[in-house]
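Structural overview for review
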Amino acid sequence: MRRLLTSIMLFLGAKHVAAQAPIGQIITGCSDPGTIALTFDDGPSVYTPQLLDILSANGVKATFFIVGGGWRGAIDDWSTQWPSILQRIHNEGHQLASHTYTHADLSSLSWDAMHAEVGNNENAFMNVLGFFPTYIRPPYLSCSGACMDMMNNMGYHVINVNVDTKDYENTDSSMIWVSKQKFEAEVWGGNIVLAHDIHEQTVVSLTQFMIDTLRARGLRPVTVGECLGDWGEGWYRGGR
Ligand SMILES: [Zn+2]
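Described below are features of the structure shown in this document. Worth saying up front: this structure is predicted, and the values here are computed from it rather than measured.

1. Examining the coordination of the zinc ion
- The zinc ion binds to the protein through Asp 42 (OD), His 99 (NE2) and His 103 (NE2), with metal-donor distances spanning 2.1 Å.
- When the donor residues of the zinc ion are listed from N- to C-terminus, their spacing reads D-x56-H-x3-H. Of this pair, Asp 42 sits in the loop between β2 (35-41) and α2 (48-58) while His 103 is found in the loop between β4 (95-98) and α4 (111-129), placing the two residues 61 residues apart along the sequence. Across this residue pair, the class does not change: Asp 42 and His 103 are buried.

Printed below as a string of structure tokens:
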């Protein structure tokens, strides 16, 4: 019996390792076609707590690609609400990922500047949570050959998208229907969906629409890691 149990565990373990997300190549979709990964970039913002309320009320886990510094101020500035929002995202079971420190176009930077954009975000995460992400989305989805070499060296899963809601072009309440229509037309399973929690209409209007639409199609909303077969053990590095 014990031997049988060991065999089963070995089998499950092997299957699990085989399902790990690749490093050093651009990932645009989920490996599980029954899942959808909703992703929110550029936050945290003042709208993020309301987004977390909506996700929680629907029992949905999402992925947040975080800009650690830049125009909004640093996520590890404890005089702001940003550290506690990051902690809440983590505590509620969502995935945190990197979107660089200042939202720079990595392909336009020298190696050292590129390295600093990623490394500074790692440091900011460490200061707040004591660990940092292994998943990254380069701003503007821009990552040249040198950038990909660096991602490989630094051990990052590079996440692109295959459904762009273009919510950043439809931020007005009278235009958000365009993003809804785009989502409805393009989402059929296995998609990584791009939206932004810095826009109010994305939070108050688009998110519930996306959840209702994908559920009506029998799809399961999960984190990027889970849609690639990584249930959390590979999401972060550093101490805990
Ligand atoms: Zn962005």
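The structure having been displayed, the exposition proceeds.
2. Quick word on the environment of Pro 221
- Here Pro 221 is to be found in strand β10 (residues 220-222).
- Spatially, the C-alpha atoms of Pro 221 and Asn 91 are 18 Å apart, while their sequence positions differ by 130 residues.
- Contact partners of Pro 221, with chain neighbours within four places excluded, come to Ile 36, Val 60, Lys 61, Leu 214 and Arg 215.

3. What about unusual backbone geometry?
- Note the cis peptide between Gly 43 and Pro 44, where omega equals 5 degrees.
- Mapped onto the fold, Pro 44 is located in the loop between β2 and α2.
- Here the phi dihedral of Tyr 140 falls at roughly 60 degrees; this positive angle occurs in a residue that is not glycine.
- Secondary-structure assignment places Tyr 140 in the loop between β6 (135-136) and α5 (145-154).

4. Some remarks on the pattern of salt bridges
- Tallying each qualifying case throughout the model produces six salt bridges.
- The shortest N-O distance in the salt bridge between Asp 53 and Arg 88 comes to 2.6 Å. With a gap of 35 residues between them, Asp 53 in helix α2 and Arg 88 in helix α3 (residues 82-91) connect regions that are remote in the sequence.
- Taking the relative accessible area as the measure of exposure, Arg 88 reaches 25% and is therefore partly exposed.
- We note a salt bridge from Arg 220 to Glu 226, for which the minimum N-O separation is 3.2 Å.

Cut-off values and rules
Residues numbered from 1 in each chain as written. Predicted model: local features only at pLDDT ≥ 70, side-chain atom pairs only at ≥ 80, totals over all residues. Heavy atoms only, no water. Donors = N, O, S within 2.8 Å, 3.2 Å for Na, K, Ca; no water. Helix = DSSP H or I, 4+ residues; strand = E, 2+ residues; numbered from the N terminus. Buried < 20%, exposed > 50% of the residue type's maximum accessible area, 1.4 Å probe, protein only. Contact = heavy atoms within 4.5 Å. Salt bridge = Lys/Arg side-chain N within 4 Å of Asp/Glu carboxyl O.

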